[in-house]
Amino acid sequence: MFYLSLIEHTLRLPPHLLSLPLNEAIRGELEGLFVDKVIANLGLGISIYDIRSIDGGFIYPSEGASTYTVKFRLVVFRPFVGEVITARLKESNAEGLRLSLGFFDDIYVPAPLMPVPSRSEPDPENKNQVRWIWMFDEQEYPIDGVDEIRFQVHNVSYPSIPLEQDKDSKPFAPMVIKGSLDADGLGPISWWI
Amino acid sequence: MKILEANAAALTNFEVLDFLRSRGAGRDPTRVIVPVAPSEFKVYEFLEQTAACNQTRQSIDEYLGKCKSIKLAKAEILNIINIRPSSLVELYPIIEEYDNRFGEAAETMEDFVESVVQLLPPPPNQMESEQGTAKDQTEAPDCKV
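Residues numbered from 1 in each chain as written. Chains lettered and ligands numbered in written order. Predicted model: local features only at pLDDT ≥ 70, side-chain atom pairs only at ≥ 80, totals over all residues. Heavy atoms only, no water.

Identification of chain B as DNA-directed RNA polymerase III subunit RPC9 from Anisodus acutangulus is taken from an unreviewed UniProt entry. Quoted straight from UniProt, the Subcellular location (unreviewed entry) entry for chain B says "Nucleus". Note on chain B: under the UniProt heading Sequence similarities (unreviewed entry), the record states "Belongs to the eukaryotic RPC9 RNA polymerase subunit family." (UniProt positions renumbered as here; feature names shortened; annotations may be inferred.)

Under an unreviewed UniProt entry, the name given to chain A is DNA-directed RNA polymerase subunit, and the source organism is Anisodus acutangulus. As recorded by UniProt, the Function (unreviewed entry) comment attached to chain A reads in full: "DNA-dependent RNA polymerase which catalyzes the transcription of DNA into RNA using the four ribonucleoside triphosphates as substrates." Heading Subcellular location (unreviewed entry) of the UniProt record for chain A holds this comment: "Nucleus".

This next bit is on the overall build of chain B. When helices and strands are counted, chain B shows nine helices and one strand. Going residue by residue from the N terminus, the α and β elements of chain B occur as β-α-α-α-α-α-α-α-α-α. Scored against the burial criterion, the 145 residues of chain B give a buried share of 46%. A separation of at least 24 residues holds for 64% of the contacts in chain B among residues at least 6 apart in sequence. Accessible area of chain B: about 8,200 Å², with a carbon and sulfur share of 51%. (Helix = DSSP H or I, 4+ residues; strand = E, 2+ residues; numbered from the N terminus. Buried < 20%, exposed > 50% of the residue type's maximum accessible area, 1.4 Å probe, protein only. Contact = heavy atoms within 4.5 Å. Areas by Shrake-Rupley, 256 points an atom, 1.4 Å probe, with all protein chains shown as cover.)

This next bit is on the packing of aromatic side chains. Counted by the stated rule, this structure contains 12 aromatic pairs over all chains. Look at Y63(B) and F112(B): their rings are 6.4 Å apart centre to centre, the planes differ by 35°, and that puts the pair in the tilted class. In this pair, Y63(B) is assigned in helix α3 (residues 57–67) and F112(B) in helix α7 (residues 106–119), connecting sequence segments 49 residues apart. Of the two residues, Y63(B) and F112(B), both sit in the buried class. Counting every residue linked through ring pairs, the aromatic cluster contains F2(A), F77(A), F103(A), F104(A) and F46(B). Sitting above the plane of the Y3(A) ring, R78(A) keeps its charged end 4.5 Å from the centroid. (Phe/Tyr/Trp six-rings, centres within 6.5 Å; stacked < 30°, edge-to-face > 60°. Lys NZ or Arg CZ within 6 Å of the ring centre and 35° of its normal.)

As a further point, take helix α1 (residues 13–23) of chain B. For α1(B), the full list of buried residues reads N13(B), F14(B), V16(B), L17(B), F19(B), L20(B) and R23(B). One or two residues past the end of α1(B) sits G24(B), with phi positive at roughly 115°.

Now for the confidence of the model for chain B. All names here are of chain B. Predicted confidence across chain B gives a mean pLDDT of 79, with 86% of residues reaching 70 or more. Per-element averaging of pLDDT across chain B places helix α9 (residues 134–139) at the bottom with 42 and α1 at the top with 90. For this predicted complex, the interface confidence comes out at an ipTM of 0.84, alongside a pTM of 0.83. (pLDDT = per-residue confidence, 0-100.)

Turning to helix α2 (residues 38–48) of chain B, a few remarks are in order. Buried within α2(B) we find S39(B), E40(B), F41(B), V43(B), Y44(B), F46(B) and L47(B). Contacts made by the buried residues of α2(B) are with β1 (2–13), β3 (43–59) and β5 (84–93) of chain A together with α1 of chain B.

If you look at the interface, chain B gives 46 residues, while chain A gives 48 residues. With both sides pooled, the region where chain B packs onto chain A buries about 4,100 Å², and carbon together with sulfur makes up 62% of that total. At the boundary of chain B with chain A, the tally comes to three salt bridges. Across the pair E31(A) and R23(B) runs a salt bridge whose closest N-O atoms are separated by 3.4 Å. For the pair chain B and chain A, the interface holds 15 residue pairs in polar contact (both at pLDDT 80 or more). Among the secondary structure elements, those contributing two or more residues to the side of chain B that touches chain A are β1 (2–11), α1, α2, α4 (74–83), α5 (88–91) and α9 of chain B. Ranked by residues supplied to the side of chain B that touches chain A, first place goes to β1(B) with 10 residues. (Buried area = accessible area lost by both parts, 1.4 Å probe. Salt bridge = Lys/Arg side-chain N within 4 Å of Asp/Glu carboxyl O. Polar contact = N/O pair within 3.5 Å; in protein donor to acceptor, adjacent residues only side chain to side chain.)

Structure below.
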């Protein structure tokens with residue numbers, strides 16, 4: 001789920017940070033650039049793990065700031081295909097489920113990857129939502145928001161930024177995880193214990 | 001920005017939680033004094049709800065020793081630490097091609113799950129249910145047809 005990635009970055013250190021120790025100043029700048037941001041094909045930056053080296057410090061002509069080349073390690077969130085992760089239910093509609101990890105919300109379980117056979121019925125409490133029900137042995141197992149839900153990662157995609165966006169479309173997400181519930185041991189935890 | 005090594009190392013949930021704790025998350029109830037970003041607190045909150053919150057380096061080391069007897073891929077070993085399965089059926093999705101690889105070794109796998117339950121502490125919300133309601137276990141479906 002979490003990985004360390006070694007990254008090299010050249011950054012300009014604004015002069016108002018000169019009062020801080022170099023390490024701290026650079027760390028702060030890196031946090032602003034990489035923490036809580038998705039890097040395409042790498043994953044979601046969680047935290048700066050450590051700074052390996054700081055080189056340079058050149059002041060280029062007509063610039064009032066020094067430029068450093070930093071090598072550092074970043075903790076990234078990047079689930080691998082086939083990984084099993086526990087999440088909470090965020091939305092449930094006719095197209096499938098949307099799950100959330102708290103810090104990452106763009107996990108979708110489309111209808112074809114729901115447990116087979118399953119059906120959906122309108123949710124009595126919320127008219128915009130539906131409730132998915134897995135039918136097994138003539139018993140019904142509903143997916144409600146009470147339990148944590150285990151899903152298996154089906155794929156992870158990094159859509160490129162759209163040039164034009166419709167007004168009523170979903171907000172753009174730079175990293176989308178497609179999950180599957182269609183295997184033994186997946187779904188709400190209470191189904192299995 | 002240049003990515004030198006996309007995959008320098010894989011981390012377990014426990015290691016990330018340990019790192020965030022060492023930065024001071026969890027010690028500061030106001031969440032303002034320690035230099036931890038709000039997004040990092042969200043990760044910390046998520047990890048506190050998982051099995052990682054009671055794990056220790058020692059318990060994971062013991063578990064890794066146990067894993068040597070079974071041929072598991074690194075990713076599977078890691079996933080088991082993060083999920084901490086408490087029954088055989090929870091192991092099925094984690095292990096790829098379970099039936100081909102371990103379908104005949106049901107007893108060894110049961111022993112393995114038992115040792116996982118013993119070595120790794122349960123996640124916080126599962127604590128009560130594991131102690132009390134043994135009756136419910138028989139009612140849950142064992143396997144799909």
